[in-house]
Protein chains: 2
Amino acid sequence: MQDSTSISITKRSPQRSGGRAARVKARSDTVGRAPASGIIRRRIPTYELLTQEAVQQLEDQAEWILKEIGIEFRGDEEALALFRHAGADVQGTRVRFEAGHARALCASAPAQFDMHGRDPASRIRLGGDHLVMMPAYGPPFVLDLDGGRRYATLADFETFVKLAYATPYLNHSGGTVCEPVDVPVNKRHLDMVYAHLRHSTKPFMGSVTAPERAEDSIAMARIVFGEAYMAEHCVIQGNINVNSPLVFDDMMTGALKAYARAGQGVVISPFILGGAMGPVTQPALLAQAHAETMAGIALTQLICPGAPVVYGNFLTTMNLKTGAPSFGTPEANLSTFAIAQLCRRLGLPLRCGGQLTASKVADGQAMQEAADSMMTGILAGTNLVLHAAGWLEGGLTMNYEKFVMDLDHCGMMLAMIAGLEIDDNTLGTEAYREAGPGGNYIGSQHTLQNFRSANYLSDITDTQSFEQWRDGGQLTMEQRASKRWKELLHERTAPPLDEGIDEALKDFVARKKHALPDEWH
Amino acid sequence: MQDSTSISITKRSPQRSGGRAARVKARSDTVGRAPASGIIRRRIPTYELLTQEAVQQLEDQAEWILKEIGIEFRGDEEALALFRHAGADVQGTRVRFEAGHARALCASAPAQFDMHGRDPASRIRLGGDHLVMMPAYGPPFVLDLDGGRRYATLADFETFVKLAYATPYLNHSGGTVCEPVDVPVNKRHLDMVYAHLRHSTKPFMGSVTAPERAEDSIAMARIVFGEAYMAEHCVIQGNINVNSPLVFDDMMTGALKAYARAGQGVVISPFILGGAMGPVTQPALLAQAHAETMAGIALTQLICPGAPVVYGNFLTTMNLKTGAPSFGTPEANLSTFAIAQLCRRLGLPLRCGGQLTASKVADGQAMQEAADSMMTGILAGTNLVLHAAGWLEGGLTMNYEKFVMDLDHCGMMLAMIAGLEIDDNTLGTEAYREAGPGGNYIGSQHTLQNFRSANYLSDITDTQSFEQWRDGGQLTMEQRASKRWKELLHERTAPPLDEGIDEALKDFVARKKHALPDEWH
């Protein structure tokens, strides 16, 4: 898996985290582990919900929206000039595209690309049949069974980065894994990016809340990876939320342009609640999301042709009695399948799925909604799962217990996408010759040879007898998870970081913090 | 949906349960309900995990098992004679089939068939693109938050039959929805069949624990439906578990023959835990299950060509450290997809899926495992979901709370299989003309016109704000479900039953009970 690209990173960061590599190996020797993080390939087909005629109808409607309604780019003269120069119809802040124009502008984006960490083993691939999973993004609160629900702090942020590094089931460190609200809003990004670079080697997302914070994020990555290396390789991404319906503001296009100009990754993510930021019917949302994403990707390619992008989306439903967002719903699941098909027609890396829920605790609702939104994303063919672990309360809360419950489900998904290997061994012909009808296969040679690798083994699923479970304290999965996340943190080996690089990062953070007044809103 | 068949039932049972029909109508007028029970069609495609070459490999291995290893039919001379007469190689109790022979014997089974209830609206269709869902089957314990875990009683049994009748999300009343252990083991079936016939109008399953109990079940159905009607129509089924690996005992073939001879339904269900009742690798289990199911279906067709059957299975994994069954696992999910493809090559109605879990309570584990095993079954293309509601603890416990939590998920699945309707209305062109970029779509004409039917509305999902949820008592989904199942029971309208028929049923039960000594084991 190692190529010259990875080696060049190795030269910059010789600290290889031998401890971690050794641990991953030890794990793969134990019973039923899913494969470790890094480049992950899916070996199962995608689910095709819609006929190609139906996909065409949605595409046509997206083209109609782009041509007749258009997209607003507010406060960004450069973006408007770029679109005008490319031949779009720009009137005021409204940009309209002839049929097929936005799509043609997306064509220079790569079908797949790699992101690099400072450990070659952390390299990931986005697009094609590859899968990347990262923690939840953005919650201002944290919750655990011991401490209850409270505002998130930088300490929580660092803990989640460490947990995401410790698990083999996430191969991306995430972005704003929670909002460190004890740090001024205009300085948080410095501490967050430092935490990803210091406590993890996995690829990560930088700030998008202001263009200068995106620039700071990129500058910090350059301290670790070097400017020349980053001109050729993607090591950081920005997740750009569209101000749906059909609006990009200058904050978002500013961050978009910073990442794209540096040749770094951009994810374009319309966030559409049906009935609020778009019509209440799912086909409309799908066409709208497709239009918005194409417009955003078109801008990245006008800034830097070939810049690595991900076709993202966040489509869900409202509870139509209360107006509250709802997750894992049948309508959202159908949209997940359909948006994946729309993305495939463009041939770009796809973001969808996630372990989403509106529940306030890691209860049955939380895990049912999360399981459905994750399973449908995986079967749809997602390449990037934001919010793969920890998300609760519609994204307002990052939950320590659900984080490890979700990790376990990520492990299951990794085992599932490995598919069924059908060969002489797995068909077990000799086992039938040995045990025959009515026999017990537990002691058969075939079972002994295969049981270690046959099944995924969960860390926190209970399969005991009722009596064992009762005598063990009648713990729910949430209660077992409370123990498990602390173990995971304890098992972790910290990745070493060159002292000179660490000092340079700390110096950058200190200088930037010193230069700015504290802002709390 | 009503045809001459249904009318003939109506004549026998004029009590139409107008209360229920009215209630179903009332529900369909409210926001976001999934369609009511009866004949249910899926409008989404199936997920095809394996290539046709891979399916062929599994089929070939099944044929190898049937030819080289064979199937044991123990203690049933009639079955052996039938197979011998059909041309199989019978030596002692071992039956071996030349390649393609068992498959050819299955060919007379119908691709789809209807089951009739004593209310024409309760008619269901099995096979093709139709879906039937029924409660869990077999648990000796029940659990609810008020009363804790205890042995199930006839009162529990009756309550679950009433609940299954009350919900629009199950269209089958089930069989042994729990074991009424307060009734002697040799008399339970009489009370169970009476409860299905008295408290529900939905099709149901009769006893299979002894041939004479299967005969009693069929006899009681004849009191309600008439012998002539039942000679032409399926109103009752027996679920025949194979004694895997590769064995049918005379208890099971005796019940199988009783149902098939009466032209009633038979489900053939191998129950295989990988590594115990078969090899530990999933491809082997799939081939074995296919061989066992074909052999069982072949016997039904030798007894009564054209007898309605369902191609069943129950394939799951063991925790390979403890030997305990585990559910919703990645390996089980893959097998669900694959067995569906094997079944489709035979063109028969398929049983798979179910809301399965090893958890002892309706916690996160329970709902995650249940959601995954249900979602994969639905996408695989299941026609019959046993264990769609209530199952806990690997099938040892029927849980009142999980019953309604599962019902809600069944409602979601019903909404999902309706698919995406793409037309001028759902594409929402006018909404964009009205609200444009940056607008709020809540007040748009399109939203007002569509919000009632747009989204599934859950009974027990929480989408409140944290503060509302906290001030409402911080209830988990399990706690909300504790309230919900009692409401559902209260909302129910009992279906009327002709007094003469009721008396005849009671008389049958009393005579049979009087004629037998009590057996408790």
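Residues numbered from 1 in each chain as written. Chains lettered and ligands numbered in written order. Predicted model: local features only at pLDDT ≥ 70, side-chain atom pairs only at ≥ 80, totals over all residues. Heavy atoms only, no water.

Note the cis peptide between S244 of chain A and P245 of chain A, where omega equals 5°. Mapped onto the fold, P245 of chain A is located in the loop between β10 (236-242) and β11 (247-249). The backbone phi angle of H387 of chain A is positive, close to 60°, even though this residue is not glycine. Position of H387 of chain A among the secondary structure elements: in the loop between β16 (384-385) and β17 (391-392). Of note in the backbone geometry, L246 of chain B takes a positive phi value of approximately 65° without being a glycine. Along the polypeptide, L246 of chain B turns up in the loop between β10 (236-242) and β11 (247-249). (Helix = DSSP H or I, 4+ residues; strand = E, 2+ residues; numbered from the N terminus.)

Moving on, we get to the interface of chain A and chain B. The interface of chain A with chain B comprises 113 residues on the first partner and 113 residues on the second. Contact with chain B buries area across many residues of chain A, yet K360, L420 and Y432 of chain A alone supply 9% of it, more than any other trio. Applying the counting rule to chain A against chain B returns two salt bridges. The shortest N-O distance in the salt bridge between D462 of chain B and K360 of chain A comes to 2.8 Å. Where chain A packs against chain B, one counts 38 residue pairs in polar contact (both at pLDDT 80 or more). It is helix α13 (residues 364-380) of chain A that contributes the most residues to the side of chain A that touches chain B, ten residues altogether. Residues belonging to the side of chain A that touches chain B are distributed by class as follows: 58 nonpolar, 39 polar and 16 charged. (Contact = heavy atoms within 4.5 Å. Buried area = accessible area lost by both parts, 1.4 Å probe. Salt bridge = Lys/Arg side-chain N within 4 Å of Asp/Glu carboxyl O. Polar contact = N/O pair within 3.5 Å; in protein donor to acceptor, adjacent residues only side chain to side chain. Nonpolar A, V, L, I, M, F, W, Y, C, P; charged D, E, K, R; others polar.)

It is worth spelling out the confidence of the model for chain A at this point. Residue and element names in this part refer to chain A. Mean pLDDT over chain A stands at 92; residues scoring 70 or higher make up 93%. Note on residues 1-31: pLDDT is under 50 here. Beyond four places in sequence and across chains, it has 57 contacts. We note a pTM of 0.94 for the whole complex and an ipTM of 0.93 for its interfaces. (pLDDT = per-residue confidence, 0-100.)

It is worth spelling out the sheet that holds strand β18 (residues 397-399) of chain A at this point. The strands making up a sheet are joined through hydrogen bonds of the backbone, oriented either antiparallel or parallel. Residues and elements named next belong to chain A. Strand order in the open sheet formed by four strands is β8-β7-β18-β17, with mixed pairing between adjacent strands. Where the open sheet ends on each side, the last strands, each with one partner, are β8 (148-151) and β17. In the sheet, strand β7 (residues 141-144) pairs with β18 via three bridges, with the strands oriented parallel. Note that in β18 the partner of L143 across the bridge is N399. (Pairing = 2+ DSSP bridges.)

Another aspect to go through is the pairing of strand β1 (residues 71-74) of chain B. Residue and element names in this part refer to chain B. Where β1 and strand β3 (residues 94-96) come together, two bridges link them in antiparallel fashion. From the neighbouring strand, E72 faces β3, where its bridge partner is R94. By the bridge criterion, three bridges tie β1 to β11 in an arrangement that is parallel. Note that in β11 the partner of R74 across the bridge is D249.

Any two packed helices are characterised by the angle at which their axes cross and by the distance between the axes. Residue and element names in this part refer to chain B. Orientation of helix α8 (residues 211-225) relative to helix α10 (residues 250-261), taken along the N-to-C sense of each, is 25°, at an axis distance of 8 Å. By the angle class used here, α8 and α10 are roughly parallel. Like other packed secondary-structure pairs, α8 and α10 cross with a definite hand, here right-handed. Across from P211, A214, E215, S217 and I218 in α8, the residues of α10 making contact are D250, M251, G254, A255, A258 and Y259. Residue composition of the contact of α8 with α10, by class: seven nonpolar, two polar and two charged. (Axes fitted to C-alpha atoms, helices over the stretch in contact; angles between N-to-C directions. Parallel < 35°, antiparallel > 145°, perpendicular 65-115°, else oblique. Left-handed = near helix turned anticlockwise from the far one by under 90°.)

The next thing to look at is the relation of the copies chain A and chain B. Of the two same-sequence chains, chain A is brought onto chain B (RMSD 0.0 Å, axial shift 0.0 Å) by a rotation of 180°. Accordingly, the operation relating the two chain copies is best matched by a two-fold axis. Identified as the residue of chain A closest to the rotation axis by C-alpha distance is G364 of chain A, at 2.1 Å. When you check the interface residues of chain A against chain B, 100% turn up at the interface there too, and the contact is symmetric in its surfaces. (Least-squares fit on C-alpha atoms with pLDDT ≥ 70 in both.)

In this section: the packing of aromatic side chains. A full pass over the atoms with the stated rule returns 33 aromatic pairs over all chains. Ring geometry for F466 of chain A against W469 of chain A: centres 5.9 Å apart, planes inclined by 45°, an arrangement best described as tilted. Of this pair, F466 of chain A and W469 of chain A both sit in helix α18 (residues 466-471), three residues apart, roughly one helical turn. Comparing F466 of chain A with W469 of chain A, the two get one shared label, buried. Directly above the aromatic system of F466 of chain B lies the positively charged group of R149 of chain A, at a separation of 3.7 Å from the ring centroid. Looking at R149 of chain B, its charged tip hangs above the ring of F141 of chain B, at a distance of 3.9 Å from the centre. (Phe/Tyr/Trp six-rings, centres within 6.5 Å; stacked < 30°, edge-to-face > 60°. Buried < 20%, exposed > 50% of the residue type's maximum accessible area, 1.4 Å probe, protein only. Lys NZ or Arg CZ within 6 Å of the ring centre and 35° of its normal.)

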